[in-house]
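# Structural features, examined
Residues per chain, in single letters:
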Amino acid sequence: MSKITGVFLSVLLIFAFFSCQSAPAPEPQKTSSAEDRAKADAEASAAAMDALARMQNGGVPTAGTPSSGNQPAQPGASRPAATQPAAPAASAPAANPNRGEPVWVASAESAYPRNGYVAATGFGNSRADAEKNALAALISIFGQSIQAELKILSDYRESVVNGRSDVRQSETVSNAIKTFSSLDSLLGAEIRDTWFDSARNTYYAVAVMEKAKTITLYADTIRSNERIINDLVNIAGLERNTLEAYSRYQFAARIADTNRIYANILTYVGDTTSGINPATMKKGDDYRLEASNITKSIPIGVNVTNDSQSRISGAFRGILTEAGFRSGGNTSRYILKIDVSLSPVDLPGQNNKFSRYVIDANLMDMNDDTVLLPWNINGREGHLNQSEADNRAIRGAEEKIKKEYGGILKAYLSSVLPSY
């Protein structure tokens, strides 16, 4: 330490001593303790050392040297621990760090309020899965009854589409087919938006039905369907007891089923403006009952060749009776023409005898000699002798007829579209 520095330090110490001596005496009740005096001496020494450091460093305190409480903090000086801001805590990663997540992902109702919409969100590993799941979630809002009814509607549309190429339709029915085959199971439902969450590698979609548009769409569809039904069942007296009339009533029954589904959905979305009342609408079963009554007035003849014991004829007649049709003769408009073929089969190396049967059954409309429903079966049976092999073959044919033909006939009568 230089002499000048030593002298300066001595002067400072003497100044600090006399400053303490000249301070006003404390009040008796606040007598300073030895600890307070020691603290004051330490502060004085620190001030002296700070002044010395400033002199030696051109007026700038050295790093780590505390500045006087009355001096402004200099650039680079450490802040007291009491005022230093706490370091931010390490936070857990956000659930979805992606920006721009649509509000409907968490809650469809946030973007599409209940008073104006029916909406649901779905997700999946692909966009197609997300959209499918969103529509499924939307349908589930309507409850189990609507879901079951939509299956009926899906079956109806399938039969409509399948029958398009087989029959001629009036303009009214043709327009109905075009409409129904182009619609989704839930009219008015649409995928309004999709979003990809890259953090989770998941697609989201929101399915929406706007209530105001839904009411208009469903009400218009119901009224259009009612016009189709009226057209279908408007049958002249002479044509009433025909398979044509039967198929018209079956078709009308399916459309009536869809109308009740649509009316129930109207009720769910709070329709008060369309004037459609589900309680006053005719049910599909009302038309099916009339179709059943028609079958009781339709005679169908059965004409079988090569049926020595009438076993094949009996099997077919039983099915027609079970379906509700009257037994007819050869002069009936409708005749089920059946050809039975029975022949031995030679299988080398076999001790048993085998017989093969072939059954061709064609339901005919004799008015124009057209085949309405063709059907064919065949099979093979064996036994120790040929006679028993033939008997087993006929029995096998009977069993197959009884097991299969009733369903084939019912499916035909229920799905064929009217040609008029």
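Higher on the page you've got the structure.
Notes on the structure in this doc start here. (Residues numbered from 1 in each chain as written. Predicted model: local features only at pLDDT ≥ 70, side-chain atom pairs only at ≥ 80, totals over all residues. Heavy atoms only, no water.)

This part takes up helix α10 (residues 311-322). If you check α10, its first and last C-alpha atoms are 17 Å apart, about what 12 residues at 1.5 Å a residue would give, namely 16 Å. Taken residue by residue, α10 has R311, I312, S313, A315, F316, I319 and L320 as its buried positions. Trailing α10 by a residue or two, G324 shows a phi angle of about 100°, which is positive. (Helix = DSSP H or I, 4+ residues; strand = E, 2+ residues; numbered from the N terminus. Expected span 1.5 Å × (residues − 1). Buried < 20%, exposed > 50% of the residue type's maximum accessible area, 1.4 Å probe, protein only.)

A few words now on the pattern of salt bridges. Two side chains with opposite charge may pair up if their charged atoms get near one another. Applying the stated rule across the entire model yields 14 salt bridges. When the shortest N-O distance is used, the salt bridge between R288 and D257 registers 2.4 Å. Separated by 31 residues along the polypeptide, R288 in helix α9 (residues 284-295) and D257 in helix α8 (residues 243-268) bring together distant segments of the chain. Where R288 meets D285, a salt bridge forms, and the shortest distance between an N and an O atom there is 3.0 Å. One end of the pair, R288, and the other, D285, are both in helix α9, 3 residues apart, so they sit about a helical turn from each other. Here R288 falls in the partly exposed class, since its relative accessible area comes to 29%. Take D285: its relative accessible area is 53%, and that puts it in the exposed class. One connected set of salt bridges, linked through shared partners, spans E190, R192, E210 and K213. (Salt bridge = Lys/Arg side-chain N within 4 Å of Asp/Glu carboxyl O.)

Bringing the packing of aromatic side chains into the picture now. All told, the structure shown has 9 aromatic pairs when counted by the stated rule. Taken together, a centroid distance of 5.9 Å and an interplanar angle of 35° make the contact between W195 and Y204 tilted. Look at F196 and Y203: their rings are 4.6 Å apart centre to centre, the planes differ by 45°, and that puts the pair in the tilted class. Taken together, the aromatic side chains of F123, W195 and Y204 make up a single cluster linked through ring pairs. A cation sits over an aromatic face here: K282 above Y287, 4.4 Å from the ring centre. (Phe/Tyr/Trp six-rings, centres within 6.5 Å; stacked < 30°, edge-to-face > 60°. Lys NZ or Arg CZ within 6 Å of the ring centre and 35° of its normal.)

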